[in-house]
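Remarks on the overall topology
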Amino acid sequence: MPKDPLAVPDKVPTYEKPAAGFPGVWHVVKYAQSTSGLVRGTKAMLHLNQVKGFDCPSCAWPEPHHRSITEFCENGARATAHEADTRRADADFFAKHSLEDLATKTDHWLEQQGRLVTPLVKKKGGTHYEATTYDEAYALIAKSLGALANPNELVLYTSGRASNEAAFLYQLFARSFGTNNLPDCSNMCHESSGVGLGTTIGVGKGTVQLDDFEQCDLILILGQNPGTNHPRMLSTLAAARERGAAIVAINPLKEVGLISFGHPQTVRGMLGFGERIASHYAQVKIGGDVALLKGVMKEVVARDALDHEFLAKYTEGLDELLRDLEATEWSDILEESGLSRDAIVEIADLYVKCDRVIACWAMGITQHKHGVDNVRAIVDLLLLRGNIGKPGAGVCPVRGHSNVQGDRTMGIFEKMPEAFLAKLDAATGITSPRQHGFDAVAAAQALEDGRARAFIALGGNYARAMSDSDRVERALAKAKLTVHVATKLNRTHLAAGDISVILPCLARSERDIRKNGPQSVTVEDSMSKVHLSAGTLEPADKSLQSECAIVAGMAKATIGNTEAIDWEWLTEDYDRIRDLIARVVDGCEDFNARVREGDGFLLPNGARIREFDTPNAKAVLSVVPLVRRHLASDELILMTMRSHDQFNTTIYGEDDRYRGVYGRRNVIFMNREDMDARGLVAEDTIRITSHYEGTTRTLESFTAIPYDIPRGNVAGYYPETNPLVPLESFADESRTPTSKSVVVTIAKAS
Ligand SMILES: Nc1nc2c(c(=O)[nH]1)N[C@H]1C(S)=C(S)[C@@H](COP(=O)(O)OP(=O)(O)OC[C@H]3O[C@@H](n4cnc5c(=O)[nH]c(N)nc54)[C@H](O)[C@@H]3O)O[C@H]1N2
Ligand SMILES: Nc1nc2c(c(=O)[nH]1)N[C@H]1C(S)=C(S)[C@@H](COP(=O)(O)OP(=O)(O)OC[C@H]3O[C@@H](n4cnc5c(=O)[nH]c(N)nc54)[C@H](O)[C@@H]3O)O[C@H]1N2
Ligand SMILES: [Mo]
């Protein structure tokens, strides 16, 4: 029998054990002991994702209706233990370490110094962060902001862990001050999904619910590594597979977590017996998804397997798409996807056989120059057979940060639509600026050339998470004022402006008591469900303020109260913030009552019921050009990705055990033939140079390791490789940095 082109290997060559399960749990216990002590760490985990507990600070995968006491995964548990840290980076610590000294430390070391507990200020010309009080810090911030030439010199960044309430107050602060400069981590993340979905199905969010996974026949997983980044999704996938659904993984790497997974909540899983996940594996080339999807669509058309009735009633653009598919050459499809015609035929056979299909994706799809087109091509494929807006079918962009989707709903966006701004103005009496603000890339450029002079960050690690990170650090340090609301020390805090302030805040897992008693916040998961999250742990320090209180403190000092906005009053009871949100955000009407019913409420999503909010009220089929790469013979495409031991720029440890890499992160995964062609052997020290429009960027002292990756493709870890990603290289339309397609050359270090 000929070999199945989509065969799933029994084992991944670099690794022996299935993902998660007992070894994973054991890893976490060790981590919890080292950071948070066993008691605080265990208590934290017992309250994770419970109806009356707090939302997991790790990923945005939704909680199932029936939550078991162990509804956490290895990586969520590690993120929680990291928050529950018993170590303190206090005033003494900062007296001992100058900024110059801290700059020599690794990212891992900085975060491992424990929780930030004292407000800190670095004065003009100062060498150290020194202790201050919240009120003094607010006054200093107000004074510096008051000295700006115009409101658009201020940039307010948000990372996706901020709650809905904090995010809403923060954008109100920004717009009251007079700017829409509200870049966020979403700009670097799923922005391409938002644009691609918004322009085709009229809503920039996913259309499926967990229940749909119980009804689908086929799940496509493109450019996502859920075993590491969304481990709770594996239970959903394992259950679908068990039921007989097919799962096609489309990925340049054979990711262990997509192949098999030891369920931590079953005895079999604990003993290390893996459940199978993918039924088919397509090892596409980096950037080859459009080619693959076009190939599959050509086959679907050739079989006349279109849902004509659906297409006629609900979509537009079919004729153009059919003409374009017809004109697309197979030779180009095979060349760009790196797959055989048989492999594509097999995916198409499966696709037309299945009535209910879900497509899931993450950063392997969005972080390309053609990230938006990738998303549109996925939508095209689904629409051809009516796979949007029916049970068991639809799109599922799997979000990263636990509330990144909610922050956007609350108005964290540099170009919020007029309808939102008009309602905000009516409810608060302010006049929001209408001029679009800076996104994450534009903010870095503005800081670099002096158009922006003040930077406030609600969480995150902007300078390190951005493309061209060394350059962004230098740009940030040119500011007159930098302010960081944070839980742990990171490199962005060291890129201090003339005056720099760190405002430590409560973590999500901690009790937040305000004038009217204990408070809960709300978050929105990847499937648009809004629910409460209440911290249960003793705060890391009793003086710590909540994010809501800090944002209100800055706003009151800078702008003052108005007739309609009393900042302090709003934060005495977060129900008051939610009442205000209810008046502004569509779908959040009667917020306080609905969020307390059961386990929360769903935001409206027209596409889910085939009401497409597009200009012609139809879903749009797009003509997406085939992505053609024109590389010089020695050039390779680099993707930057996560290891199993980090949460974004927070590095928990230096092991990536699913890929067999231990105790180091400065490695580059290479195809053996590409190594041979450069005279490289395993463990050679290499230099990597990226090339962009005549500019180059170089990293030294990386190690080459042979790996099962398509020829011409290489992979390295984020954030270590971020200095290679050019700031000017971003996705068309969404402006997401091209973190998954950097053109590089690699040479043996001399
Ligand atoms: N434990 C943990 N959980 C996390 C995070 C974390 O750092 N740690 N981060 C959170 C955040 S913010 C996000 S956005 C998500 C990220 O979740 P993922 O998107 O899963 O994260 P990455 O590590 O960037 O993985 C990208 C995957 O895409 C594949 N890929 C790269 N290029 C291509 C391509 O061109 N085509 C295809 N088909 N595949 C490609 C890579 O091989 C890899 O498997 O995870 C969230 N959850
Ligand atoms: N090359 C490359 N670059 C990338 C990516 C990639 O795949 N490749 N991925 C991109 C993606 S998908 C994303 S989402 C961004 C992430 O960008 P960010 O969201 O900016 O970065 P994080 O590393 O998640 O931020 C970690 C910091 O957040 C702070 N923090 C943690 N918890 C809290 C809290 O509860 N409150 C507050 N106020 N602060 C807190 C801590 O100080 C911690 O150091 O990076 C992007 N950058
Ligand atoms: Mo993300």
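Going by the structure above, here's the rest.
Since we're looking at a predicted model, the values are computed, not measured. (Residues numbered from 1 in each chain as written. Chains lettered and ligands numbered in written order. Predicted model: local features only at pLDDT ≥ 70, side-chain atom pairs only at ≥ 80, totals over all residues. Heavy atoms only, no water.)

1. Here we look at the sheet that holds strand E28 (residues 685-692)
The strand order around the closed barrel formed by six strands is E24-E30-E27-E29-E28-E31, and the pairing between neighbours is mixed. On average, adjacent strands in this sheet sit at an angle of 45° to one another, irrespective of strand direction. Judged from the three bridges that link them, strand E24 (residues 636-641) and strand E31 (residues 742-748) form a sheet pairing that is antiparallel. Counted as the bridge partner of Ile637 is Val743 from E31. (Pairing = 2+ DSSP bridges. Helix = DSSP H or I, 4+ residues; strand = E, 2+ residues; numbered from the N terminus. Axes fitted to C-alpha atoms, helices over the stretch in contact; angles between N-to-C directions.)

2. A look at the layout of surface pockets
Of the voids in this model, the largest pocket is the one considered here, and its volume is about 1200 Å³. Lining the largest pocket we find 41 residues, and of these Gly202, Val203, Gly204, Lys205 and Pro417 sit closest to its centre. Elements represented by at least two residues in the lining of the largest pocket include exactly helix H9 (191-201), helix H22 (404-409) and helix H23 (418-428). Among the elements that take part in the lining of the largest pocket, H9 stands out by supplying six residues, more than any other. Looking at the lining of the largest pocket residue by residue, the class counts come to 15 nonpolar, 14 polar and twelve charged. (1 Å grid on protein atoms, 1.4 Å probe; cavity = no way out; pocket = protein on both sides within 12 Å on 5 of 7 lines; lining within 4 Å. Points joined across faces, edges and corners; volume = space filled by probe spheres on them. Nonpolar A, V, L, I, M, F, W, Y, C, P; charged D, E, K, R; others polar.)

3. Section: the packing of aromatic side chains
Tallying each qualifying case throughout the model produces 13 aromatic pairs. Summarising the aromatic geometry, the rings of Phe591 and Phe601 are spaced 5.6 Å apart at their centres and angled 90° between planes, so their arrangement reads as edge-to-face. One end of the pair, Phe591, is in helix H31 (residues 591-595); the other, Phe601, is in strand E22 (residues 601-602), and ten residues separate them in sequence. Under the relative-accessibility criterion, Phe601 is labelled buried at 6%. One residue, Arg594, lies across the ring of Phe601, its end atom 4.2 Å from the ring centre. (Phe/Tyr/Trp six-rings, centres within 6.5 Å; stacked < 30°, edge-to-face > 60°. Buried < 20%, exposed > 50% of the residue type's maximum accessible area, 1.4 Å probe, protein only. Lys NZ or Arg CZ within 6 Å of the ring centre and 35° of its normal.)

4. Points about helix H28 (residues 547-558)
In a regular helix each residue adds 1.5 Å, so twelve residues correspond to 16 Å; H28 covers 17 Å between its end C-alpha atoms and thus fits that length. Among the twelve residues in H28, ten count as buried, and that is most of the element. Among all positions in H28, only Glu547, Cys548, Ala549, Ile550, Val551, Ala552, Gly553, Met554, Ala555 and Thr558 are buried. Note on H28: the residue one or two positions beyond its end, Gly560, has a positive phi of about 85°. (Expected span 1.5 Å × (residues − 1).)

5. Things to note about the site of ligand 2
Around ligand 2 sit 32 residues in total, of which Glu111, Tyr157, Ala465, Glu547 and Thr649 are the nearest. Contact distances for ligand 2 include 2.8 Å between an oxygen atom and a side-chain N or O atom of His401. Backbone polar atom of Asn461 to an oxygen atom of ligand 2: 2.9 Å apart, as the coordinates give it. With the chains in place, 96% of the 930 Å² that ligand 2 exposes on its own is no longer accessible. The set of elements that each furnish at least two residues to the shell around ligand 2 consists of helix H25 (462-465) and strand E16 (481-486). (Near = heavy atom within 4 Å. Polar contact = N/O pair within 3.5 Å; in protein donor to acceptor, adjacent residues only side chain to side chain. Areas by Shrake-Rupley, 256 points an atom, 1.4 Å probe, with all protein chains shown as cover.)

6. Some words on the pattern of salt bridges
Enumeration according to the criterion identifies 51 salt bridges in this entry. When the shortest N-O distance is used, the salt bridge between Glu299 and Arg341 registers 3.1 Å. Within this pair, whereas Glu299 is found in helix H15 (residues 289-302), its partner Arg341 is found in helix H19 (residues 341-353), the two being separated by 42 residues in sequence. Note on Arg341: relative accessible area 37%, which makes it partly exposed. For the salt bridge of Arg697 with Asp468, the shortest nitrogen-to-oxygen distance reads 2.7 Å. (Salt bridge = Lys/Arg side-chain N within 4 Å of Asp/Glu carboxyl O.)

7. A look at the site of ligand 1
Inspection of the region around ligand 1 gives 31 residues, with Asn251, Glu255, Gly287, Asp289 and Asn648 positioned closest. One nitrogen or oxygen atom from the main chain of Gly223 is found 3.3 Å from a nitrogen atom belonging to ligand 1. Between ligand 1 and Asn251, the relevant distance is 2.7 Å, taken from an oxygen atom to a side-chain nitrogen or oxygen of the residue. About the coverage of ligand 1: the protein hides 99% of its 920 Å² of free accessible area. Its residues placed into classes, the shell around ligand 1 shows twelve nonpolar, 15 polar and four charged.

8. Considerations on the packing of H23 against helix H30 (residues 574-584)
With their axes 8 Å apart at the nearest point, H23 and H30 run at an angle of 130° to one another. When the axes of H23 and H30 are compared, the pair comes out oblique. Handedness of the crossing formed by H23 with H30: right-handed. Where H23 approaches H30, its residues Phe420, Lys423, Leu424, Ala427 and Thr428 are matched on the opposing element by Leu580, Arg583 and Val584. (Parallel < 35°, antiparallel > 145°, perpendicular 65-115°, else oblique. Left-handed = near helix turned anticlockwise from the far one by under 90°. Contact = heavy atoms within 4.5 Å.)

9. Some points on the packing of H15 against H19
Interaxial distance between H15 and H19 falls to 9 Å at its minimum, and their mutual angle equals 60°. By the criterion of interaxial angle, the relationship of H15 to H19 is oblique. Judged by the twist between their axes, the crossing of H15 over H19 is right-handed. Facing H15, whose interface residues are Leu292, Gly295, Val296, Glu299 and Val300, H19 presents Arg341, Ile344, Val345, Ile347, Ala348, Tyr351 and Val352. For the contact of H15 with H19, the per-class residue count stands at nine nonpolar, one polar and two charged.

10. Describing the environment of Thr685
Relative to the helices and strands, Thr685 resides in strand E28. Linking Thr685 and Tyr718, residues 33 residues apart in sequence, is a C-alpha distance of 19 Å.

11. Considerations on the sheet that holds strand E7 (residues 218-222)
With parallel pairing, the five strands of this open sheet are ordered in space as E11-E8-E7-E13-E14. Looking along the sheet, the strands with just one partner apiece sit at the ends: strand E11 (280-282) and strand E14 (394-397). Mean inter-strand twist for the sheet, computed between neighbouring axes without regard to direction, equals 15°. Where strand E13 (residues 357-361) and E14 come together, four bridges link them in parallel fashion. Bridging from a neighbouring strand, Trp361 pairs with Pro397 of E14.

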